[in-house]
Structures are given as structure tokens and as C-alpha cells.
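Chain by chain, the residues run as shown.
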Amino acid sequence: LYLGPDEQVVPADIDWIVDRAHRRGLAAPSAFMSSKPRNGINHKEFGVTSEGVFVFLDEALCKNGLNPREQSKRPVTIKLTGGPDGDVAGNMIRILNREYGNKIRVVAIADGTGCA
């Protein structure tokens, strides 16, 4: 079991969780929680959540006959919920470009921050 912080989880909470895992004898307490303030994987920088969402999206598209890698006539179009300034949608745009290039097109972004 490994955890990744979500919104409203502050650095002090993350430190407490990792310390608690250490006190309880977890074999690798520093690996228990990602995105730690002084070490660990920074979700925003590395797109940890987005990578997982991408795997799900890729499988769903292929299962429905919409494999962007095999599209030759026109790009597959998608809509994103979440602004490009957020962890998931912002990194997802980069991942979509990395994985599909011009074979996918983001046609809409629903955003609560006014960034889109």
C-alpha cells in the first residue's frame, strides 16, 4: 500500500504520515507516501497521478476502437475536466503530446480556476 496526497494535504500532514509509518515498523516508510516536502516524488513536477490516468485513458480508447497511435486520417478528440494549471490536467496535456503527438486533439477544457 502506497499513498499519494490529494488536495488539502499539507506538508506537515505528509511528514506525520511518513513518521507514523516508520514508528509502526513499515519496511520502507519513506516510500509509503509520495510527494514529501524534502524528498520523494513531486506529483506536480513528475505527473504521477496523470501517468496513471493516462494508462486508464489509453486502455479505454483502445478498447473502444479509438487508438490514437493508429489513427491516420484525423486525430482522436478528447475533453478534459480540470484546468491546465492543475496537477492532473496540466500534466495530462504534456503526456498526451508525448504519447500521441498530433494524433490526438484536446477540444475542450472545463476549468474551475479560470485558467483555461
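That block above? That's the structure.
One numbering rule holds for all chains: residues counted from 1, following each sequence as written. Restriction of local features to residues with pLDDT of at least 70 applies here, the model being predicted, together with a cutoff of 80 or more for giving and counting side-chain atom pairs; totals for whole chains, interfaces and linings are based on all residues. Excluded from the side-chain calculation are hydrogens and water; included are all heavy atoms of the structure.

**Some words on the overall build of the protein**
Link 1 in the chain: Helix and strand content of the protein: 5 helices and 2 strands.
Link 2 in the chain: N-terminal to C-terminal, the α/β element order of the protein is α-α-α-α-β-α-β.
Link 3 in the chain: Partly exposed describes any residue whose relative accessible area lies between the buried limit of under 20% and the exposed limit of over 50%, with all areas from a 1.4 Å probe on protein chains only and scaled to the type maximum. Across the 116 residues in the protein, those meeting the buried criterion constitute 28%.
Link 4 in the chain: A 1.4 Å probe and the Shrake-Rupley method give the accessible areas. Residues count as covered only by the protein chains that appear here. For the protein, the accessible area works out to roughly 8,100 Å², and carbon and sulfur atoms hold 53% of it. Helix and strand assignments follow DSSP, with helices taken as H or I runs no shorter than four residues and strands as E runs no shorter than two, numbered in order from the N terminus.

**Topic: the pairing of strand 1 (residues 76-81)**
Link 1 in the chain: Alternating positions in strand 1 separate cleanly, Val-76, Ile-78 and Leu-80 being buried on one face and Thr-77, Lys-79 and Thr-81 remaining unburied on the opposite face.
Link 2 in the chain: As paired elements, strand 1 and strand 2 (residues 104-110) share 6 bridges and run parallel to each other. The partner of Leu-80 across the bridge, within strand 2, is Ile-109. For two strands to be treated as a pair, DSSP must find at least two bridges joining them.

**Let's talk about the nonpolar core**
Among soluble globular proteins, nonpolar side chains are generally buried collectively.
Link 1 in the chain: Within the largest apolar cluster, 11 residues are counted, these being Phe-54, Leu-57, Leu-61, Val-76, Ile-78, Leu-80, Met-92, Ile-95, Leu-96, Tyr-100 and Ile-104.
Link 2 in the chain: When contributions to this core are tallied by element, the ones reaching two or more residues are helix 4 (48-63), strand 1 and helix 5 (87-100).
Link 3 in the chain: If one sorts the elements of this core by residue count, helix 5 sits on top with 4 residues. In this description, a nonpolar core means a group of buried Ala, Val, Leu, Ile, Met, Phe, Trp, Tyr and Cys residues linked to one another through side-chain atoms lying within 4.5 Å.

**Notes on the environment of Ile-93**
Link 1 in the chain: Within the secondary structure layout, Ile-93 lies in helix 5.
Link 2 in the chain: Taking the C-alpha atoms as reference points, Ile-93 and Val-106, 13 residues apart in sequence, are found 8.1 Å from one another.

**Looking at the packing of aromatic side chains**
The geometry of an aromatic ring pair is captured by two quantities: the separation of the ring centres and the angle between the planes.
Link 1 in the chain: A pair of aromatic rings is counted whenever rings of Phe, Tyr or Trp (Trp by its six-membered ring) have centres within 6.5 Å, and the orientation is called stacked for planes under 30 degrees apart, edge-to-face for over 60 and tilted otherwise. According to the stated counting rule, one finds 1 aromatic pair in the structure shown.
Link 2 in the chain: Aromatic pair Phe-54 and Tyr-100: ring centres 5.3 Å apart, planes at 50°, arrangement tilted. Of this pair, Phe-54 sits in helix 4 while Tyr-100 is found in helix 5, placing the two residues 46 residues apart along the sequence.
Link 3 in the chain: Of the residues examined, Phe-54 reaches a relative accessible area of 6% and is grouped as buried.
Link 4 in the chain: Taking the relative accessible area as the measure of exposure, Tyr-100 reaches 4% and is therefore buried.

**Describing the packing of helix 4 against helix 5**
Link 1 in the chain: Remark: helix 4 packs on helix 5, axes separated minimally by 9 Å, with the N-to-C direction vectors making an angle of 55°. Taken as axis vectors, helix 4 and helix 5 run oblique relative to one another. Regarding helix 4 and helix 5, the two cross each other, and that crossing is right-handed. Residues Thr-49, Ser-50, Glu-51, Val-53, Phe-54, Leu-57, Asp-58 and Leu-61 of helix 4 form the contact with helix 5, whose participating residues are Asp-87, Val-88, Asn-91, Met-92, Ile-95, Leu-96, Arg-98, Glu-99 and Tyr-100.
Link 2 in the chain: Across the contact of helix 4 with helix 5, the residue classes break down as 9 nonpolar, 3 polar and 5 charged. An axis is simply a line fitted to the C-alpha atoms; with a helix, the fit covers only the stretch in contact. Between two such axes, the angle follows the N-to-C directions and lies from 0 to 180 degrees. Put simply, angles under 35 degrees are roughly parallel, angles over 145 are roughly antiparallel, angles from 65 to 115 are roughly perpendicular, and the rest are oblique. Crossings are classed by handedness, with left-handed meaning an anticlockwise turn of the near helix from the far one by less than a right angle and right-handed meaning a clockwise turn. Every residue pair with non-hydrogen atoms within 4.5 Å of one another is taken to be in contact. Classification convention: Asp, Glu, Lys, Arg as charged; Ala, Val, Leu, Ile, Met, Phe, Trp, Tyr, Cys, Pro as nonpolar; all other residues, Gly among them, as polar.

**Let's talk about the pattern of salt bridges**
Link 1 in the chain: A carboxyl oxygen of Asp or Glu within 4 Å of a side-chain nitrogen of Lys or Arg is what we treat as a salt bridge. For the structure on display, the rule yields 5 salt bridges.
Link 2 in the chain: Note that Asp-19 is salt-bridged to Arg-23, the shortest N-O span being 2.8 Å. Of this pair, Asp-19 and Arg-23 both sit in helix 1 (residues 11-23), separated by 4 residues, roughly a single helical turn.
Link 3 in the chain: Glu-99 is the partner of Arg-69 in a salt bridge, and the nearest nitrogen-oxygen pair spans 3.1 Å. Note that Arg-69 is positioned in the loop between helix 4 and strand 1 and Glu-99 in helix 5, a separation of 30 residues in sequence.
Link 4 in the chain: Put simply, Glu-51, Asp-58, Arg-69, Arg-98 and Glu-99 are held in one network by salt bridges that share partners.

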